[in-house]
Amino acid sequence: MTYDSRRATHVTLKAVVLLASVLFVVFAISFVFSDRGLPELQHARTRVSDLHADINRLEAENARLRAEIESVKKSSYAIERIAREDLGMSKKGELVYMLPK
């Protein structure tokens, strides 16, 4: 009986390919169905999307507040409006009617 190195190499290569294929299938199944696989990725993407929406909302709010600050710096009317509407203040001698909400 003679030893054929090409045949042994071919059998070894088939075994390695089979083992790699099995490991790939196991990895793919565990990635799709495990808690830390695909569901975790989808949750992270949703969280990122929510955070981007929050960032956009906060940037708009910051821009509005900056504009209000500039308005207050430039106009005494803006200061009076804030004092009356937000703080419920009035000028001396004015009569303020408070309506129930």
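*Asks:* Honestly, the overall build of the protein chain in this entry has me stumped. Any pointers?
*Replies:* Helices and strands together make up the secondary structure of the protein chain, namely three helices and zero strands. When the helices and strands of the protein chain are listed from N to C terminus, the series reads α-α-α. The C-alpha atoms of the protein chain give 35 Å as radius of gyration, which overshoots the globular expectation for 101 residues (13 Å, by more than 25%). Across the 101 residues of the protein chain, 4% fall into the buried class. Accessible area of the protein chain: about 9,700 Å², with a carbon and sulfur share of 64%. Across the protein chain, the mean location of the 16 positive side-chain charges is 5 Å away from that of the 13 negative side-chain charges.

*Asks:* It is not clear to me how the pattern of salt bridges should be interpreted in this structure. Could you clarify?
*Replies:* Oppositely charged side chains are able to pair whenever their charged atoms sit close together. Taken as a whole and judged by the stated rule, the model has seven salt bridges. In this structure, arginine 64 engages glutamate 61 in a salt bridge whose closest nitrogen and oxygen atoms are separated by 2.8 Å. Here glutamate 61 and arginine 64 lie together in helix α2 (residues 38-74), a separation of three residues that amounts to about one turn. A relative accessible area of 42% means that arginine 64 is categorised as partly exposed. Residue class for glutamate 61 comes out partly exposed when judged on its relative accessible area of 33%.

*Asks:* What am I meant to see in the environment of leucine 65 here?
*Replies:* Its location among the elements puts leucine 65 in helix α2. Taking relative accessible area as the criterion, leucine 65 reaches 33% and is therefore assigned partly exposed.

*Asks:* What is the right way to look at the confidence of the model for the protein chain in this model?
*Replies:* A low pLDDT means the predicted coordinates there should not be read in detail. Overall, the predicted model of the protein chain reaches an average pLDDT of 86, with 97% of residues at or above 70. For the protein chain, helix α3 (residues 76-85) is the element with the lowest average pLDDT, namely 83, and α2 is the one with the highest, namely 92.

*Asks:* What is the right way to read the packing of α2 against α3 from this model?
*Replies:* The packing of two helices is summarised by the inter-axis angle and the distance between the axes. At their nearest, the axes of α2 and α3 sit 5 Å apart, and the two run at 115° to each other. Contact residues: Glu68, Ser71, Val72 and Lys74 in α2; Ser76, Ala78, Ile79, Arg81 and Ile82 in α3. The residue makeup of the contact of α2 with α3, split by class, is four nonpolar, two polar and three charged.

*Asks:* Got a minute to help me understand the environment of glutamate 59 in this structure?
*Replies:* When you line up the elements, glutamate 59 lands in helix α2. Taking the C-alpha atoms as reference points, glutamate 59 and glycine 88, separated by 29 residues in sequence, lie 28 Å from one another.

*Asks:* Can you walk me through a nonpolar patch on the surface in this structure?
*Replies:* Side chains of Phe24, Val25, Phe27, Ile29, Phe31, Val32, Phe33 and Leu41 sit close together on the surface and give an oily, nonpolar patch of about 820 Å² of accessible area. Considering each element in turn, the nonpolar patch owes the most residues, seven residues, to helix α1 (residues 5-33). For phenylalanine 27, the position within the fold is in helix α1.

Calculation rules
- The numbering scheme is per chain: residues are counted from 1 as the chain's sequence reads.
- Owing to the predicted nature of the model, reporting of local features is limited to residues with pLDDT of at least 70; listing and counting of side-chain atom pairs is limited to 80 or more, with chain, interface and lining totals taken over all residues.
- To get the side-chain values, all heavy atoms of the structure are used, and hydrogens and water are removed first.
- In this text, helices come from DSSP runs of H or I with a minimum length of four residues, and strands from runs of E with a minimum of two, each type numbered from the N-terminal end.
- Within these notes, the globule rule equals 2.2 Å times the number of residues to the 0.38 power, and the radius of gyration is based on C-alpha atoms.
- Three labels apply to residues, based on accessible area from a 1.4 Å probe with only protein chains included: buried if under 20% of the type maximum, exposed if over 50%, partly exposed otherwise in between.
- Areas reported as accessible are Shrake-Rupley estimates using a 1.4 Å probe. Residue values count occlusion only from the protein chains shown.
- Under this rule, positive means Lys or Arg and negative means Asp or Glu; His and the chain ends count for nothing.
- By convention, the point assigned to a charge is CZ for Arg, NZ for Lys, CD for Glu and CG for Asp.
- Any Lys or Arg side-chain nitrogen located within 4 Å of an Asp or Glu carboxyl oxygen qualifies as a salt bridge.
- You can read pLDDT as the predictor saying how much it trusts each residue, on a scale of 0 to 100.
- The angle between two axes is taken between their N-to-C directions and runs from 0 to 180 degrees, where each axis is a line fitted to C-alpha atoms and a helix contributes only its stretch in contact.
- Residue contacts are defined here by distance: any two heavy atoms, one from each residue, within 4.5 Å place the two residues in contact.
- Under the grouping applied here, Gly and all other residues not named as nonpolar or charged are polar, the nonpolar ones being Ala, Val, Leu, Ile, Met, Phe, Trp, Tyr, Cys and Pro and the charged ones Asp, Glu, Lys and Arg.
- Patch membership needs two things, relative accessible area over 30% and no salt bridge, and members are linked within 9 Å if like-charged or within 5 Å if nonpolar (Val, Leu, Ile, Met, Phe, Trp, Tyr).

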